[in-house]
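# Observations on the three-dimensional arrangement
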Amino acid sequence: MPDLDLTADVVTLTAAVCDIESVSHHETELADAVERALRALPHLTVVRDGDAVVARTDLGRPERVILAGHLDTVPLTDPPNLPVRRESGRLVGRGTTDMKGGVAVQLRLAATITESTRDVTYVFYDAEEVEDRYNGLGRLARTRPDLLQGDFAVLLEPTDGGIEGGCKGTLRVDVHAGGVAAHSARPWNGSNAIHVAGEILARLSAYEPRTAEVDGLEYREALNAVGISGGIAGNVIPDACTVSVNYRFAPDRSGEQALQHVREVFHGFDVELGDTADGARPGLDLPAAQAFVAALGLPVTAKQGWTDVARFSTLGVPAVNFGPGDPNLAHTDHEHCPEQQIIDAEAALRRWLEDAPTDGEEHP
């Protein structure tokens, strides 16, 4: 059973975390190692929930912040891209970008900051890279929301070392086109549903997505076909065709409002909702978020995808994304992360956690 040395520097620790393979649904070995390492720290209270581990300080501070990251990765390549390698100032291998550099930063901070000016909850969770129903943070939000209470949260997903506020929502629908089946030699006896679906594609091609400003950040929406199906045989005029459409919407819209908008775009067609997840406003007008941005001294941009910050938003906890690694390299065969970004991320969060909140209160 591998142990994690939390006294090691953060790059060495990242390599050690990566080398404990933890493809989604197989995080137990890494969760065990994280739990053992954190239970050895007397200033933390540790709770295990499945393959999620939550560690908390209880210093009586007036503000509690949350640092969260997932333990799982997508599958390895063939041949496996583990163990990680150190090449020209980079860590190369599965998990280096998404997102074990961030996990190692959490572990280092948990081990070395015993008297933070804020109480801190460190959340390490499972099954982020698979279907939503398995997500460990979602499970905690449903069954142990008390563990996720706080004034502000940071999700250490890769952001290339910058701060990304909030996230867009996502919605998937199936747009159905109908027709009348017939023999393909006598198409005049029927109506080709695939041809009818051309109108759906035409509306998508003509669609002009909006850019919405939310809390000072610009979110670019997107509406795209992501799949199409129809036809049952090479000699049959199809009587049904379905175009799957994904809508990425700004966090000033709810899932209900997004669905209504999509129904308007495809008026006249049957629109069937597949799944949806609301986005999250960045909350940059709140003192806790402003203190974080000021302490890190970095510009803030809008998160153009969907992340688990949305789960914190549903709990009333404003959250941002901040972590080492270029998200464009996540899940790729050549996944890698600059060592300096991991070092800088630890230093930035340490600076924030050791600075006194600017709320006018005296802190013990």
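Residues numbered from 1 in each chain as written. Predicted model: local features only at pLDDT ≥ 70, side-chain atom pairs only at ≥ 80, totals over all residues. Heavy atoms only, no water.

## Some remarks on the packing of aromatic side chains
Throughout the structure, instances matching the rule amount to 5 aromatic pairs. With a centroid separation of 6.0 Å and an interplanar angle of 85°, the aromatic rings of Phe-152 and Trp-352 are classed as edge-to-face. One end of the pair, Phe-152, is in strand S7 (residues 152–155); the other, Trp-352, is in helix H10 (residues 339–354), and 200 residues separate them in sequence. Judged by centre distance (6.2 Å) and plane angle (75°), the rings of Phe-292 and Phe-322 are edge-to-face. Linking Phe-292 in helix H8 (residues 287–296) with Phe-322 in strand S18 (residues 319–322), this pair joins segments that are 30 residues apart in sequence. For Phe-292, a relative accessible area of 0% gives the class buried. Given the relative accessible area of 2%, Phe-322 is considered buried. Through a chain of ring-to-ring contacts, three or more aromatic side chains come together here, namely Phe-152, Phe-292, Phe-322 and Trp-352. (Phe/Tyr/Trp six-rings, centres within 6.5 Å; stacked < 30°, edge-to-face > 60°. Helix = DSSP H or I, 4+ residues; strand = E, 2+ residues; numbered from the N terminus. Buried < 20%, exposed > 50% of the residue type's maximum accessible area, 1.4 Å probe, protein only.)

## Description of the nonpolar core
Within the largest apolar cluster, 63 residues are counted, with the highest numbers of intra-cluster contacts made by Leu-4, Leu-38, Leu-107, Tyr-122, Phe-292 and Trp-352. Looking at which element gives the most residues to this core, the answer is helix H3 (residues 100–112), with 7 residues. Residues within four places of Tyr-122 in sequence aside, it is in contact with Leu-44, Val-53, Val-54, Ala-55, Leu-67, Gln-106, Leu-109, Ala-110 and Leu-353. If you look at the next biggest cluster of nonpolar residues, it comprises 22 residues, including Leu-171, Val-173, Tyr-207 and Phe-266. (Core = buried A, V, L, I, M, F, W, Y, C linked by side-chain atoms within 4.5 Å. Contact = heavy atoms within 4.5 Å.)

## Observations concerning the environment of Ser-229
Tracing the chain through its elements places Ser-229 in strand S13 (residues 222–230). Given a relative accessible area of 44%, Ser-229 falls into the partly exposed group. When sequence neighbours within four positions are dropped, the list of residues in contact with Ser-229 reads Ala-240, Cys-241 and Thr-242.

## Some points on the layout of surface pockets
If you add up the space inside the largest pocket, you get close to 870 Å³. Lining the largest pocket are 32 residues, with Glu-128, Thr-170, Arg-248, Trp-306 and Thr-307 sitting closest to its centre. Elements represented by at least two residues in the lining of the largest pocket include exactly helix H4 (136–143), strand S9 (169–178), strand S15 (240–249), strand S16 (270–277) and helix H9 (309–314). In the lining of the largest pocket, the residues fall into 9 nonpolar, 10 polar and 13 charged. (1 Å grid on protein atoms, 1.4 Å probe; cavity = no way out; pocket = protein on both sides within 12 Å on 5 of 7 lines; lining within 4 Å. Points joined across faces, edges and corners; volume = space filled by probe spheres on them. Nonpolar A, V, L, I, M, F, W, Y, C, P; charged D, E, K, R; others polar.)

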